[in-house]
Amino acid sequence: MEYVRLGSTGLQVSPICLGTWRFGLEHEDSGVMETDREEAHELLDALEERGGNFIDTANGYGEGRSEKWIGEWLDERDREDYVVASKCYWSDVSRFQENLSKKNVRAEVEGSLEKLGTDYLDLLYLHRFDDETPIEHTLRAVDDLISEGKVHYVGISSCDAWKLTKGLWQADVNNYEAFTVTQPQYSATYRDPVSEYLDVCADQDIAVCPYSPLHGGFLTGKYERVGDGEVKTPDGSRGDLDEHFTDWYLDDQAWEVLDEIRAVADEVDATPAQVSLRWLMDHERFTCVPIVGARTVDQLDENLDAIEVSLSDDQWSRIDDATEADEA
């Protein structure tokens, strides 16, 4: 597997990142755990066997089980071979400290390091922008952790473009470590809400690691329209387990983009999921490393095979134009 440089960080990472938000995730309504400890380790083994090295987690995933299980897996390996990203905002320590205060940032990072069994995080994302805490306070706390060697780089996940810009400005004027990686929701079918955010990333040479790159699994092509407003959802799929799936992910725009992706997939002998991931990886304005949340080893293998898919400029543009035409 050929690695890519993660923006200006200098980190060399696999072109696809394994997201672990499903590790230990238990649905309250059904009681179903999406990925248990054994399955989590099987997925990590599969990533390793394919040459992948980029793992994304968060302090609150699976109520802390995700970091703990990753830590157990890493304990039998050379930590230096892997790039591990985690996040902070929601507290795994105290329900009164769900914010980006200096106190919470330090407490959550220390907790993540303990669960992961490591001395440092390669990348720490601010999971959300905290409107109640001045961003310079948060960046100072992260900068201190970087000086101590407990964090190497800082990124941010979901926020408005102007808030991302504000954070970059505060880092610059205070000489704090600035955001070098972002993690927005972004896919071939979810673009307009983050277009200005991505413009900032392109301008500032910030890497983009989008979550939900397959639009909640919709771009795998496993969902079908079977009538007026009716959707056939496979048993055990996210659409089957999540009552909000249809409202959040399925609209006319999504179906139209999927139709074009399916057409391209037929042309290049690939699956819709592979084409969707390849479309992201082929972005030229910024480094784009999609985060996949595979539930099974077969799904992960299919996703990683996207690295071998090749799209022509015309095929890439057709998918790009399908979204733009629908938005217009």
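Relevant structure appears above.
One structure accompanies this document, and this report is about it.

The rules behind each value
- Residues numbered from 1 in each chain as written.
- Predicted model: local features only at pLDDT ≥ 70, side-chain atom pairs only at ≥ 80, totals over all residues.
- Heavy atoms only, no water.
- Helix = DSSP H or I, 4+ residues; strand = E, 2+ residues; numbered from the N terminus.
- Rg over C-alpha atoms; globule rule 2.2 N^0.38 Å.
- Buried < 20%, exposed > 50% of the residue type's maximum accessible area, 1.4 Å probe, protein only.
- Contact = heavy atoms within 4.5 Å.
- Areas by Shrake-Rupley, 256 points an atom, 1.4 Å probe, with all protein chains shown as cover.
- Lys, Arg positive; Asp, Glu negative; His and termini not counted.
- Charge placed at Lys NZ, Arg CZ, Asp CG, Glu CD.
- Core = buried A, V, L, I, M, F, W, Y, C linked by side-chain atoms within 4.5 Å.
- Patch = residues over 30% accessible without salt bridge, like charges linked within 9 Å, V, L, I, M, F, W, Y side chains within 5 Å.
- Salt bridge = Lys/Arg side-chain N within 4 Å of Asp/Glu carboxyl O.
- Pairing = 2+ DSSP bridges.
- Axes fitted to C-alpha atoms, helices over the stretch in contact; angles between N-to-C directions.
- Parallel < 35°, antiparallel > 145°, perpendicular 65-115°, else oblique.
- Nonpolar A, V, L, I, M, F, W, Y, C, P; charged D, E, K, R; others polar.

### So, the overall build of the protein
Item 1. If you tally the helices and strands in the protein, you get 12 helices and 12 strands.
Item 2. A compact globule built from 328 residues should have a C-alpha radius of gyration of about 20 Å, and the protein, at 19 Å, falls within 12% of that.
Item 3. Taken over the C-alpha atoms alone, the protein extends approximately 55 × 40 × 40 Å along its principal axes.
Item 4. Relative to its 328 residues, the protein shows a buried fraction of 54%.
Item 5. When contacts within the protein are restricted to residue pairs at least 6 apart in sequence, long-range pairs at least 24 apart make up 76% of them.
Item 6. With an accessible surface of roughly 14800 Å², the protein has 41% of that area assigned to carbon and sulfur atoms.
Item 7. Side chains of the protein give 29 positive and 73 negative charges; the mean places of these two sets differ by 5 Å.

### Considering the nonpolar core
Item 1. The biggest cluster of nonpolar side chains holds 81 residues, and the ones touching the most others in it are L164, F179, Y197 and L300.
Item 2. Residue contributions to this core peak at seven residues, all from helix α9 (residues 252-268).
Item 3. Residues A85, L123, V181 and C209 belong to the second largest nonpolar core, which totals 14 residues.

### Quick notes on a negative patch on the surface
Item 1. Taken together, the side chains of D36, E38, E39 and E42 make up a negatively charged region of the molecular surface.
Item 2. When you line up the elements, E38 lands in helix α1 (residues 37-49).

### Digging into the sheet that holds strand β12 (residues 291-292)
Item 1. Strand order across the open sheet formed by eight strands is β9-β8-β7-β6-β5-β4-β3-β12, with parallel pairing between neighbours. Single-partner strands in this sheet number two, and they are β9 (207-208) and β12.
Item 2. Strand direction decides the pairing type here: strand β8 (residues 179-182) and β9, joined by two bridges, are parallel. The residue bridging V181 from the neighbouring strand is A207, located in β9.

### Some points on the packing of helix α2 (residues 65-74) against helix α3 (residues 102-116)
Item 1. Axis separation between α2 and α3 bottoms out at 7 Å; the angle between their running directions is 45 degrees. In terms of their interaxial angle, α2 and α3 are classed as oblique. Contact with α2, carried on its side by E67, K68, I70 and G71, involves S112, K115 and L116 of α3 and no other residues of that element.
Item 2. Taken together, the residues that form the contact of α2 with α3 break down as two nonpolar, two polar and three charged.

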